[in-house]
Amino acid sequence: MTVPVLCIDGPSGSGKGTITQLVAQKLGWTILDSGALYRLTALSAERQGIACNDALSLASLAATLDIEFVASAYGEPVKVLLESEDVTQAIRLETTGNNASKVAVLPEVRAALLQRQRDFRQAPGLVADGRDMGTVVFPDAPFKVFLTASAQARAERRFQQLKAQGEDVRIAHLLKEIEERDARDMGRKAAPLKAADDAVTIDTTAHSIEKVLENVLAIVSR
Ligand code: C5P
């Protein structure tokens with residue numbers, strides 16, 4: 001029997017990460033945070049002085065990254081390790097996210113990460129969070145959700161998160177970054193950000209997390 005996959009795709013700040021964690025906890029399924037793989041590639045490249053457009057070096061780096069996702073006994077993601085170093089905070093920085101979206105444009109990097117992502121598909125099931133989970137990585141997945149929200153709402157959510165972490169940021173700046181990243185993610189030739197034809201689109205702009213969670217769980221239990 002094939003292991004079921006729930007794909008949760010969408011732009012940055014649409015609530016994918018939160019919903020992925022809650023659904024995975026409810027179902028007892030594994031999580032694939034595919035964005036973290038692109039972030040780890042970007043961070044490792046930055047540390048090794050590899051440019052964001054050096055496709056071949058980046059692809060070989062992506063294929064050989066020594067990484068580990070550490071989860072709690074309840075399956076909650078707690079730490080991300082790169083060569084045994086805790087980089088949980090470092091990969092979440094805005095600069096790393098922006099560099100991730102630059103390396104993610106390269107088909108060579110995407111190809112290098114493809115099998116790594118598919119290897120996360122383990123029983124009893126997988127919740128895969130990303131941009132191309134339903135279109136490219138798990139096209140045969142039985143459950144596909146595409147989360148959206150207005151750019152303004154996403155910038156405000158990010159602002160609240162960063163403020164809570166004590167960072168001094170401006171909404172206007174975050175909004176500009178989100179719009180730039182959306183344009184890059186949607187405009188690229190390789191696996192652009194878009195809903196799979198068989199995905200259910202949920203606009204989270206005006207919905208609570210609880211409501212979105214309820215809708216997503218209903219899709220899995222259909
Ligand atoms: O989801 P997250 O913000 O962590 O992803 C960082 C960047 O990695 C995204 O802006 C996107 O460019 C890229 N990405 C991707 N495909 C995925 C996941 C992330 O291109 N499946």
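Note that the structure is a prediction, hence the values are computed from the model and not measured. Once a new chain begins, its residue numbering starts again from 1 and follows that chain's sequence as written. Predicted model: local features are reported for residues with pLDDT of at least 70 only, side-chain atom pairs are reported and counted for 80 or more only, and whole-chain, interface and lining totals are derived from all residues. Note that water and hydrogens are dropped before the side-chain values are worked out from all heavy atoms of the structure.

### Overview of the overall build of the protein
Thinking step 1. Counting its secondary structure elements, the protein contains nine helices and eight strands.
Thinking step 2. We compute the radius of gyration over the C-alpha atoms and compare it with the globule rule, which gives 2.2 Å times the number of residues raised to the power 0.38. Since a compact globule built from 222 residues should have a radius of gyration of about 17 Å, the 17 Å found for the protein is in line with a globular shape.
Thinking step 3. Once the C-alpha set of the protein is aligned to its principal axes, its extents read approximately 50 × 45 × 35 Å.
Thinking step 4. Evaluated residue by residue, the protein yields a buried proportion of 47% over its 222 residues.
Thinking step 5. As presented, the protein carries roughly 11000 Å² of accessible surface, and 53% of it is formed by carbon and sulfur atoms.
Thinking step 6. We count Lys and Arg on the positive side and Asp and Glu on the negative side, and we leave His and both chain ends out. The location of each charge is read from NZ of Lys, CZ of Arg, CG of Asp or CD of Glu. Seen as two clouds, the 26 positive and the 29 negative side-chain charges of the protein have centres 3 Å apart. Strands here are runs of E lasting at least two residues and helices are runs of H or I lasting at least four, both read from the DSSP assignment and numbered beginning at the N terminus. Residue exposure (1.4 Å probe, protein chains only): buried if accessible area is under 20% of the type maximum, exposed if over 50%, otherwise partly exposed. For the accessible areas, the method is Shrake-Rupley and the probe is 1.4 Å, while residue cover comes only from the protein chains on display.

### Details of the sheet that holds strand 3 (residues 67-71)
Thinking step 1. Note on pairing: two strands pair once DSSP finds at least 2 bridges between them. Spatially, three strands are ordered 3-4-5 in an open sheet, and the strand pairing comes out antiparallel. Looking at strand neighbours, the two that pair on one side only are strand 3 and strand 5 (85-86), the edges of this open sheet.
Thinking step 2. With two bridges connecting them, strand 4 (residues 77-82) and strand 5 associate as antiparallel partners. Counterpart to Leu82 in the pairing with strand 5 is Glu85.

### A closer look at the packing of aromatic side chains
Thinking step 1. Aromatic contacts are taken between Phe, Tyr and Trp rings whose centres are within 6.5 Å, Trp giving its six-membered ring; a plane angle under 30 degrees counts as stacked, one over 60 as edge-to-face, and the others as tilted. On inspection of all chains with the given rule, the structure shows one aromatic pair.
Thinking step 2. Consider the rings of Phe69 and Phe120, whose centres lie 5.9 Å apart with planes at 75°: the pair is edge-to-face. On the criterion of sequence distance, the pair formed by Phe69 in strand 3 and Phe120 in the loop between helix 5 (107-118) and strand 6 (126-130) is long-range, its members being 51 residues apart.
Thinking step 3. Here Phe69 falls in the partly exposed class, since its relative accessible area comes to 31%.

### Remarks on the site of the ligand
Thinking step 1. Working definition: residue near molecule or strand if any one of its non-hydrogen atoms lies within 4 Å of it. Surveying the vicinity of the ligand reveals 17 residues, the closest of which are Arg39, Arg110, Arg181, Asp185 and Arg188.
Thinking step 2. At a separation of 2.6 Å, an oxygen atom of the ligand approaches a polar side-chain atom of Arg39.
Thinking step 3. Arg131 has a polar side-chain atom sitting 2.9 Å from an oxygen atom of the ligand.
Thinking step 4. In the complex, 96% of the free accessible area of the ligand, which totals 460 Å², lies under the protein chains.
Thinking step 5. Counting only elements with at least two residues in the shell around the ligand, the list comes to helix 2 (34-48), helix 4 (94-103) and helix 8 (171-187).
Thinking step 6. Considering every element that reaches the shell around the ligand, the biggest residue donor is helix 2, with four residues.
Thinking step 7. Each residue gets one of three labels, nonpolar for Ala, Val, Leu, Ile, Met, Phe, Trp, Tyr, Cys and Pro, charged for Asp, Glu, Lys and Arg, and polar for the others, Gly among them. For the shell around the ligand, the per-class residue count stands at four nonpolar, four polar and nine charged. Under this definition, polar contacts are N or O atom pairs within 3.5 Å; protein pairs additionally need one hydrogen-donor-capable and one acceptor-capable atom, and for neighbouring residues in sequence, both atoms have to be side-chain atoms.

### Side note on the environment of Leu193
Thinking step 1. By secondary structure assignment, the location of Leu193 is in the loop between helix 8 and strand 8 (200-203).
Thinking step 2. Distance from Leu193 to Arg181, taken between C-alpha atoms, is 11 Å for residues twelve residues apart in sequence.

### With respect to the packing of helix 2 against helix 4
Thinking step 1. Only C-alpha atoms enter the line fits that serve as axes; for helices the fit covers just the stretch in contact. Angles between N-to-C directions range over 0 to 180 degrees. The interhelical angle for the contact between helix 2 and helix 4, taken along N-to-C directions, is 100°, at an axis separation of 8 Å. With respect to helix 4, the element helix 2 is oriented roughly perpendicular. Along its contact with helix 2, which presents Tyr38, Arg39, Thr41, Ala42, Leu43 and Glu46, the element helix 4 presents Thr96, Gly97, Asn99, Ala100 and Val103.
Thinking step 2. For the contact of helix 2 with helix 4, a count of residues per class yields five nonpolar, four polar and two charged. Just so you know how the angles are binned, under 35 degrees is roughly parallel, over 145 roughly antiparallel, 65 to 115 roughly perpendicular, and the rest oblique. Residue contacts are counted whenever heavy atoms from the two residues lie within 4.5 Å of one another.

### Structural notes on helix 4
Thinking step 1. Here helix 4 lies mainly inside the structure; eight of its ten residues are buried.
Thinking step 2. Of the residues making up helix 4, those classed as buried are Glu94, Thr96, Gly97, Asn98, Asn99, Ala100, Ser101 and Val103.
Thinking step 3. Summarising the contacts, the buried residues of helix 4 are in contact with helix 2, helix 3 (55-64), helix 5, helix 7 (151-164) and helix 8.

### Describing the pattern of salt bridges
Thinking step 1. Salt bridges are identified by distance alone: a Lys or Arg side-chain nitrogen within 4 Å of an Asp or Glu carboxyl oxygen. Inspection of the entire model under this criterion finds twelve salt bridges.
Thinking step 2. Among the ionic pairs, Lys16 bridges to Asp129, the shortest N-O distance being 3.3 Å. Of this pair, Lys16 sits in helix 1 (residues 16-27) while Asp129 sits in strand 6; the two residues are 113 residues apart in sequence, bridging distant segments of the chain. Exposure class is identical for Lys16 and Asp129. Each is buried.
Thinking step 3. Close ionic contact of Asp132 with Arg110 constitutes a salt bridge, the shortest N to O distance being 2.9 Å. Of this pair, Asp132 sits in the loop between strand 6 and helix 6 (133-137) while Arg110 sits in helix 5, and the two are 22 residues apart along the sequence.
Thinking step 4. If you follow the salt bridges from partner to partner, you end up with Arg131, Asp185 and Arg188 in one network.

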